[in-house]
Amino acid sequence: MRYPIGEYEQDSIRSKTGKKLTEITLDEVMKNHVQADDIKISRETLNIQGQVAEEAGNLPMKKNFERAAELVDVPDEVILKMYDKLRPNRSTKLELVLMAQELLEKYHARNCAMLVMQAVEVYEKRGILL
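For every chain, the first residue of the written sequence is number 1, and numbering continues from 1 onward in sequence order. In keeping with the model being predicted, local features are shown solely for residues with a pLDDT of at least 70 and side-chain atom pairs are shown and tallied solely at 80 or more, while totals for entire chains, interfaces and linings include all residues. The basis for the side-chain values is all heavy atoms of the structure; hydrogens and waters are excluded.

> Mind showing me how you'd approach unusual backbone geometry here?
Among all residues except glycine, the phi angle is most often negative; among peptide bonds, the trans geometry is most common. Look at Asn 32: it is not a glycine, yet its phi comes out positive at around 65°. Strands here mean DSSP runs of E at least two residues long; helices mean DSSP runs of H or I at least four residues long; both are numbered from the N terminus. Residue placement: Asn 32 occurs in the loop between helix H2 (26–30) and helix H3 (43–55). With a relative accessible area of 57%, Asn 32 lands in the exposed category. Positioned with a positive phi, Asn 89 is a non-glycine residue whose angle comes to about 60°. Among the secondary structure elements, Asn 89 is positioned in the loop between helix H5 (76–85) and helix H6 (93–105). Exposure remark for Asn 89: the relative accessible area of 41% places this residue in the partly exposed category. Each residue's exposure class comes from its accessible area (1.4 Å probe, protein chains only) as a fraction of the maximum for that residue type: buried when under 20%, exposed when over 50%, partly exposed otherwise.

> Can you walk me through H3 in this structure?
Note that an α-helix has 3.6 residues per turn; residues three or four places apart therefore point the same way. Multiply 1.5 Å by the residue count of a helix minus one, and that product is the helix's expected span. Relative to the 18 Å expected for 13 residues at 1.5 Å per residue, H3 spans 18 Å between its end C-alpha atoms, a close match to the ideal helical length. All of the buried residues along H3 are Thr 45, Leu 46, Ile 48, Gln 49, Gly 50, Val 52 and Ala 53. Elements in contact with the buried residues of H3: helix H1 (5–8) and helix H4 (59–71). Two residues or fewer after H3 comes Gly 57, characterised by a positive phi angle close to 85°. Residue contacts are defined here by distance: any two heavy atoms, one from each residue, within 4.5 Å place the two residues in contact.

> How do you make sense of the packing of H6 against helix H7 (residues 110–126) when you look at a structure like this?
Packed helices, taken two at a time, are described by the angle their axes make and the gap between the axes. Geometry is summarised by axes, namely lines fitted to C-alpha atoms with helices restricted to the contacting stretch, and by angles between N-to-C directions that run from 0 to 180 degrees. For the pair H6 and H7, the least separation of the axes is 7 Å and the interaxial angle reads 170°. As judged from the angle between their axes, H6 and H7 are roughly antiparallel. Contact residues: Lys 93, Leu 96, Val 97, Met 99, Ala 100, Leu 103 and Leu 104 in H6; Arg 110, Cys 112, Ala 113, Val 116, Met 117, Val 120, Tyr 123 and Glu 124 in H7. Tallied by class, residues from the contact of H6 with H7 come to 12 nonpolar, no polar and 3 charged. Reported orientations rely on four angle classes, namely roughly parallel under 35 degrees, roughly antiparallel over 145, roughly perpendicular from 65 to 115, and oblique for the rest. Throughout this entry, Asp, Glu, Lys and Arg are counted as charged residues, while Ala, Val, Leu, Ile, Met, Phe, Trp, Tyr, Cys and Pro are counted as nonpolar. The remaining residues, Gly among them, count as polar.

Laid out in structure tokens, this is it:
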């Protein structure tokens, strides 16, 4: 893979709905051939970005892309609720543990669930849980 993939790997990039990057043009938008879900990133594209990060020696960035790939199939409302609950002094330990459990069991977002559990540990040590 050559970076930036949007420039060098256009044929291999597909949206969440499977639409090719080359099919998402202003002309296609004007013809109403591109819908909102057609411009959402796919799990595969995020994993490719993670590979690029790893090849560049940026393992923390790779982990970020892995977590983002897990969230592709999580509804926006759930993600927004998660961000709100992860703010300091917004949640109890139980609420965060249940959120991690939901991420793991319902959405199979193992890395995201682990991140929430790490936050629980840190928040508990810092006294920023409700």
